[in-house]
Each structure stands twice: as C-alpha cells, then as structure tokens.
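Chain by chain, the residues:
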Amino acid sequence: MKFGSIPIDTAEGAVLAHATTAGERRFRKAHRLSADDVSLLKAAGISEVVAAVLASDDLSEDAAAEKIAESMIHRNIETKAAATGRVNLHAQAAGIFTVDAAMIDAINAVDPTITIATLAQHVPVEKSQMVATVKIIPFAVSSMLVDSVARICAGGEIFAVNVYQPVRVGVIQTVLPGIKPSLLDKTMRVTEARLARSGGRLTAERRTPHAVGPVAEAAALLARDNDMVVIFGASAMSDFGDVVPAAIEKAGGTVIRAGMPVDPGNLLVLGTLGGKRVIGAPGCARSPKENGFDWVLDRLIAGLDVTAKDIAGMGVGGLLMEIPTRPQPREPLPARAELKVDVVLLAAGRSSRMGGPNKLLALFDGKPLVRRTAERALGSKAADTIVVTGHQRERVRTALSGLDITFADNPDFADGLSSSLKAGIAQVAGDAAGVMIVLGDMPGVASADLDRLIDAFRKSEGRSVVRASHEGKRGNPVLLPRSLFAAITHLEGDTGARHLVEAEGLDVVDVEIGKAASIDVDTREALEGAGGVLQD
C-alpha cells in the first residue's frame, strides 16, 4: 500500500485519508473513489487528494479484520461485523474471561499495522460485554501479514468466556462468645448476593462452635449434598493448623492452599472434600467489596480449576482497595486528637402529612423547631453545621437568622430525601472524617446525644457508621464515614443512606440515646404531643 498525496487523474480506486467536499457532495474518510467520484472532484477544481493506494495483494482494513477474527478459536463469544477496520468480540453469557496471553503477544508482534486488545486474564464479564477487539491501523494491510496472524490463531483457543454454573453452596459459620447474630445474618445476605451475581445459590447453613470437630462434621454433611462448601470462621486463621484447615483434613479432605497473596484476602483457605471444593473464607468476605475470596469463588463457579500454583500467582495486582471494617488495617491511621465531624441538618421537606403548615416552623418553648435543632447541633462537638433548605426556603432561613451555620439550598427537594443528602454532602468540609445526618423534626435530640455519637465515631477511628438507637431499635441521627460520601452522590428518589450502610458492609455502632432516637413529628398529633404549636 502506498500512502500520500496523489494526482486526481490517478485516484480511481484509492481510499481517501481525509473527508473531502466536492460541491454539495461530501466524501467520508476511508471512502474508496470511483470513476464518477473522480469526475466530481475534478469538476470542483480539486487536483490532488491524500489517499491510500492498495497493492494487488493488499486487503482492505475491514476485510483484514474480518479474516483475522474468523480465524480465531474461542468459546461463548460473539463476533460483530467489521467497521472502520475494527471487529469487536462480545461475551455471549456471564462468566470468567480467559485468554492465551502468549498467542495475543505473538499476533501483536507480527506487524504494528495489526493489533488485538483484550480484557485482563480471569476478569468477570457480563453477557454482551466486549471482551476483545481486532483493529487494523492503516486503510489496508498485506494479505501475507494477515495470513501470518491466521496461522497463529490456528494454534488453539485464543480466549473464552467460561460461563458461570448454577452451583449449590453450603455455608458454615462458626460461633464464639461475643459474636452477634446480626453479623452472621449480614454475612449470609452478602454471600447470597455474591452467589446470585454469578449464578450460584446458597442452599444450607450450619452454625457451629469454633472447634475442629463440629466444623469437620458440618463440612462432611454439606459436601455430600452441595457442589461447594464455604466456611466463615468466627476467628481468623492464625496458623496452618488452625480450626478451618484442620477441620477440612479431619473430615477426610485435603488442604490445597492456606494463605494467598491478595490483600484483602490473605487468610483464605482452599481445600477439597469428597470431590467438592471447600473455601475457608477470610474475614473480609463478610464485606461485599472485592477481595481475594471473589477471585477464587468466581473461578470455581465458572468451572475453572484453582490450584495452589494459581493462588501463588495472584500477587501481582493482588493489592486491592482497603476495606474500612477490617479489625487490623494494613497501616494504622495517623494519630490525631480528634476526627472532624460536620452536621448536615435536613430542613427542606414539605411537611406533607401536616396538611399545610411547615412543622419545622412550629414553636417549642416559643422557638421554631428548626432553630432549636440547629442550636443543639451548634452546641455539640461537631465542627460545622450545614442546613439544607428547600420548601419555604426563605421562611426557614429567617427562622435561623443570626446562627453560625452554612446553608445548602436544594431546589430539587420535591424529588425526595436523596436530593437533600447530596446537597448537604456537597458542602461538607474536605477534611471532615464524617458527617452526622440530623433530621430537623426530632425535638428530643440534645447536644449531649450528638456528642455521644461523635465520641463513638472517633473511638472507631472514623471507620464505622454510628447510629442512634432506642431499646435496640435503630433510629436517628446517624453518623456516616467519609468512605460513603461517593456512594451518596448516586442515590436517587426518596432514598436515604440506610441501604448504603448494608450494601457497603461497614461496621455499625448503635448508641442508645433513649426515646429521642425514635421521636419525630410527622403528624399534627405527634407534634402537639411533643409540646409543639403549629404556625400558619
């Protein structure tokens, strides 16, 4: 192929390098010129064009890309039609992507004009997701080069999507004194969600003492009726002879590998029992965030073998995002006397159940409720107080006049709670470790109550959600760590942060503050019963 500026008289059959206009006719880049096209260009006064002239043994970019794609051997992958020298390949089902890296490297070394790019080895893919692309760089390429690539492709499977199988999984959770049932319940929810995304399902659970015998007995029972067994230990593995690996062996199984070079996930145990795989889950697997457990679980559900050598090779790329709830983080947080906490006071609602009056302007001891709430926030250990306004914005601001607060206006308040949360979070100081969400209609919450939440948050080193409670029932206010801020920006509608707390798997600390945690004034009866007087 020759490329460059050529006289228009010799341009028939050439491929335009740039879009070109001849009168009212516009020729696109990569357009192959016909005799009529050349006549139009000449009539428009064009004497030369920049184009590619193909040799007799050249293949056009689309033809070359198609031939290469057709020569590939793959599984569960669909080849799309060629366009602009590119052929894209997509997964036909959800699963784990595998690729022969040596074959890809060999193809990309044939000539820079021919390229193939793929996803990384062993990444999970969704149905219809692009997994690879073939791209021819110039407008044409020698057929000899294409033939060389085709010969490489004939050597075997170049890549595949290993489709998830509907495996049955049994779970064992060991119990020690002090383990909360709520933690075990949350672990089951997280595990069910993890299995659902890859087609597996949880069929049974056994809760046993954290001892070799009971775990071995439960593992043997579950391995008989399931395709896989997952064991969550109440205490993390501290030795290769610890409870979980020892129980696998006592049950008649074999430990393939204890420990993995993926963090979080170091303490994973992988074994086999009665021809079934057994995974001793690391503590981080109680969180939905990606960790080494996902890497092993997803491959097994996709029907791939996982050997000790495979796990040993996971170190490169194995340093994953830190999970805030880990009992022992990789590095301690910098020492500091206090973690800064801001308050976001929500005062944008329409008080729809009041039938007209704004409950936040109701008088309590002669003072508007929203002002009383703001003053209590200002009297706490919080650094700054941000008030989100919306409905009757000016009246609410007038009620707060003279207070040292920051206003965040929410013009979208009618869209629901999430819009106010996002407006408030946007105003939180960059150095704040957390934000306390305070509802404007809770007359019983005092400054001392807010301080107790802040103290608990600081004690957790800013890694936990801290929630006010009453007699064991969750209430408000709630203090959220900065790690949740990004997720809050994606909330929609009348949705608060409650489901984020569960989805992110953060530790939750409940602080008993009495009835104040559960008393709000959504109705006239509730407001008057709490001592308030509505204003028109």
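So, how was this worked out
- Residues numbered from 1 in each chain as written.
- Predicted model: local features only at pLDDT ≥ 70, side-chain atom pairs only at ≥ 80, totals over all residues.
- Heavy atoms only, no water.
- Helix = DSSP H or I, 4+ residues; strand = E, 2+ residues; numbered from the N terminus.
- Rg over C-alpha atoms; globule rule 2.2 N^0.38 Å.
- Buried < 20%, exposed > 50% of the residue type's maximum accessible area, 1.4 Å probe, protein only.
- Contact = heavy atoms within 4.5 Å.
- Areas by Shrake-Rupley, 256 points an atom, 1.4 Å probe, with all protein chains shown as cover.
- Lys, Arg positive; Asp, Glu negative; His and termini not counted.
- Charge placed at Lys NZ, Arg CZ, Asp CG, Glu CD.
- Patch = residues over 30% accessible without salt bridge, like charges linked within 9 Å, V, L, I, M, F, W, Y side chains within 5 Å.
- Salt bridge = Lys/Arg side-chain N within 4 Å of Asp/Glu carboxyl O.
- Core = buried A, V, L, I, M, F, W, Y, C linked by side-chain atoms within 4.5 Å.
- 1 Å grid on protein atoms, 1.4 Å probe; cavity = no way out; pocket = protein on both sides within 12 Å on 5 of 7 lines; lining within 4 Å.
- Points joined across faces, edges and corners; volume = space filled by probe spheres on them.
- Nonpolar A, V, L, I, M, F, W, Y, C, P; charged D, E, K, R; others polar.
- Pairing = 2+ DSSP bridges.
- Axes fitted to C-alpha atoms, helices over the stretch in contact; angles between N-to-C directions.
- Polar contact = N/O pair within 3.5 Å; in protein donor to acceptor, adjacent residues only side chain to side chain.
- Parallel < 35°, antiparallel > 145°, perpendicular 65-115°, else oblique.

Peer 1: Whenever I open this one, the overall build of the protein confuses me. Can you help?
Peer 2: Of the regular secondary structure elements, the protein holds 16 helices and 30 strands. In terms of overall size, the protein is more extended than a compact globule, its C-alpha atoms giving a radius of gyration of 32 Å where 536 residues would be expected to give roughly 24 Å. Projected onto the principal axes, the alpha-carbon positions of the protein cover approximately 95 × 75 × 45 Å. Looking at the protein as a whole, 50% of its 536 residues are labelled buried. Nonlocal contacts in the protein, meaning residues at least 24 apart in sequence, comprise 70% of its contacts between residues at least 6 apart. A total accessible area of about 24,600 Å² is found for the protein, and carbon and sulfur atoms account for 51% of it. Taking the average location of the 59 positive side-chain charges in the protein and that of its 65 negative ones, the two points are 4 Å from each other.

Peer 1: Help me understand a nonpolar patch on the surface in this model?
Peer 2: Among the surface-exposed residues, Met1, Phe3 and Val50 lie close enough to one another that they form a single nonpolar patch of about 260 Å² accessible area. Relative to the elements of secondary structure, phenylalanine 3 occurs in strand E1 (residues 2-7).

Peer 1: How should the pattern of salt bridges be read in this particular structure?
Peer 2: This model, assessed by the stated rule, comprises 25 salt bridges. Across the salt bridge formed by glutamate 205 and arginine 207, the nearest N and O atoms sit 2.7 Å from each other. With a relative accessible area of 37%, arginine 207 lands in the partly exposed category. Where lysine 381 meets aspartate 455, a salt bridge forms, and the shortest distance between an N and an O atom there is 2.9 Å. With lysine 381 in the loop between helix H10 (369-378) and strand E25 (385-389) and aspartate 455 in helix H13 (residues 447-459), this pair connects stretches of sequence that are 74 residues apart. Among the residues examined, lysine 381 registers a relative accessible area of 40% and is labelled partly exposed. Take aspartate 455: its relative accessible area is 36%, and that puts it in the partly exposed class.

Peer 1: Teacher, can you tell me more about the nonpolar core here?
Peer 2: The tendency in soluble globular proteins is for nonpolar side chains to be buried as a group. With 30 residues, the main nonpolar core has Leu268, Leu270, Ile279, Phe293 and Val296 as its most contacted residues. Elements supplying a minimum of two residues to this core: strand E16 (168-175), helix H5 (181-196), strand E18 (228-232), strand E21 (276-281) and helix H8 (292-301). For this core, the element with the most residues is H8, which contributes six residues. Setting aside residues up to four positions removed in sequence, valine 296 forms contacts with Met260, Leu268, Leu270, Ile279, Val306 and Met314.

Peer 1: When you look at the layout of surface pockets in this model, what are you seeing that I'm missing?
Peer 2: Empty space within the second largest pocket amounts to approximately 1,300 Å³. What lines the second largest pocket is a set of 41 residues, and nearest its centre among them are Leu346, Leu417, Leu439, Asp441 and Asp494. For the lining of the second largest pocket, the secondary-structure elements that each account for two or more residues are strand E22 (341-347), helix H12 (417-425), strand E27 (434-439), strand E28 (465-470), strand E29 (473-481) and helix H15 (498-504). A total of six residues in the lining of the second largest pocket trace back to one element, the largest contributor, which is E29. Of the residues contributing to the lining of the second largest pocket, the split by class is 17 nonpolar, twelve polar and twelve charged.

Peer 1: Looking at this model, I keep getting lost on the sheet that holds E27. Mind explaining?
Peer 2: Each strand in a sheet pairs with another by means of backbone hydrogen bonds, the pair being arranged parallel or else antiparallel. On the basis of which strands lie adjacent, the open sheet formed by seven strands has the order E26-E25-E22-E27-E29-E28-E30 and mixed pairing. With partners counted over all chains shown, the strands left at the sheet margins are strand E26 (406-409) and strand E30 (508-512), one partner each. Strand-to-strand twist across the sheet, computed as the mean angle between neighbouring axes with direction ignored, equals 30°. Sheet topology places E25 next to E26; four bridges connect them, and they run parallel. When the sheet's bridge partners are listed, threonine 389 is paired in E26 with aspartate 409. Its contacts with the sheet put H10 on E22, E25 and E27, and the angle it makes with E22 is roughly 175°. In the packing of H13 onto the sheet, the strands contacted are E22, E27, E28, E29 and E30, and the crossing angle to E29 comes to about 55°.

Peer 1: Would you take a moment to explain the environment of serine 419 for this structure?
Peer 2: Mapped onto the secondary structure, serine 419 falls in helix H12. Since its relative accessible area comes to 11%, serine 419 is described here as buried. The spacing of serine 419 and leucine 270 is 149 residues in sequence and 45 Å in space, taken between C-alpha atoms. Other than its neighbours up to four places away in sequence, serine 419 contacts Asn410, Asp412 and Phe413. Among the polar contacts listed, one links the side chain of serine 419 to the backbone oxygen of aspartate 412, at a separation of 3.0 Å.

Peer 1: Would you mind going over the sheet that holds strand E19 (residues 254-258) with me for this structure?
Peer 2: Read from one edge to the other, the open sheet built from six strands follows the order E17-E16-E18-E21-E20-E19, with strand pairing classed as mixed. This sheet does not close on itself; its edge strands, each paired only once, are strand E17 (201-209) and E19. When the angles between neighbouring strand axes are averaged without regard to direction, this sheet yields 20°. Here five bridges tie strand E20 (residues 269-273) to E21, and the two strands are oriented antiparallel to one another. Looking at the pairing, valine 269 lines up with glycine 280 of E21. Packed onto the sheet, helix H6 (residues 212-225) meets E16, E17, E18, E20 and E21 and runs at close to 165° relative to E17. On top of the sheet, H8 reaches E18, E20 and E21; it is set at about 165° to E21, its chief contact.

Peer 1: Teacher, can you tell me more about empty space enclosed by the protein here?
Peer 2: Regions of empty space are outlined by a rolling probe, equal in size to a water molecule, passed over the atoms. In total, this model carries one cavity of 30 Å³ or more according to the counting rule given. Of the volumes computed, that of the largest cavity is approximately 30 Å³. Along the walls of the largest cavity sit Leu369, Arg372, Thr373, Arg376, Met442, Pro443 and Val445, which together make up its complete lining. The class makeup of the residues in the lining of the largest cavity is four nonpolar, one polar and two charged.

Peer 1: What exactly am I supposed to notice about the packing of helix H3 (residues 101-108) against helix H4 (residues 143-153) here?
Peer 2: Two quantities define a packed helix pair, namely the angle between the helix axes and the distance between the axes. H4 packs onto H3 with a crossing angle of 170° between their chain directions and a minimal axis gap of 10 Å. With respect to each other, H3 and H4 are oriented roughly antiparallel. On the side of H3, the interface is formed by Met103, Ala106 and Ile107, while H4 contributes Val149, Ile152 and Cys153. Of the residues in the contact of H3 with H4, the class split is six nonpolar, no polar and no charged.

Peer 1: What is the right way to look at the environment of proline 357 in this model?
Peer 2: Relative to the helices and strands, proline 357 is located in the loop between E22 and strand E23 (363-364). Residues proline 357 and arginine 524 lie 167 residues apart in sequence; the distance between their C-alpha atoms is 9.4 Å. Proline 357 has contacts with Ser351, Arg524, Leu534 and Gln535, leaving out every residue within four places of it along the chain.

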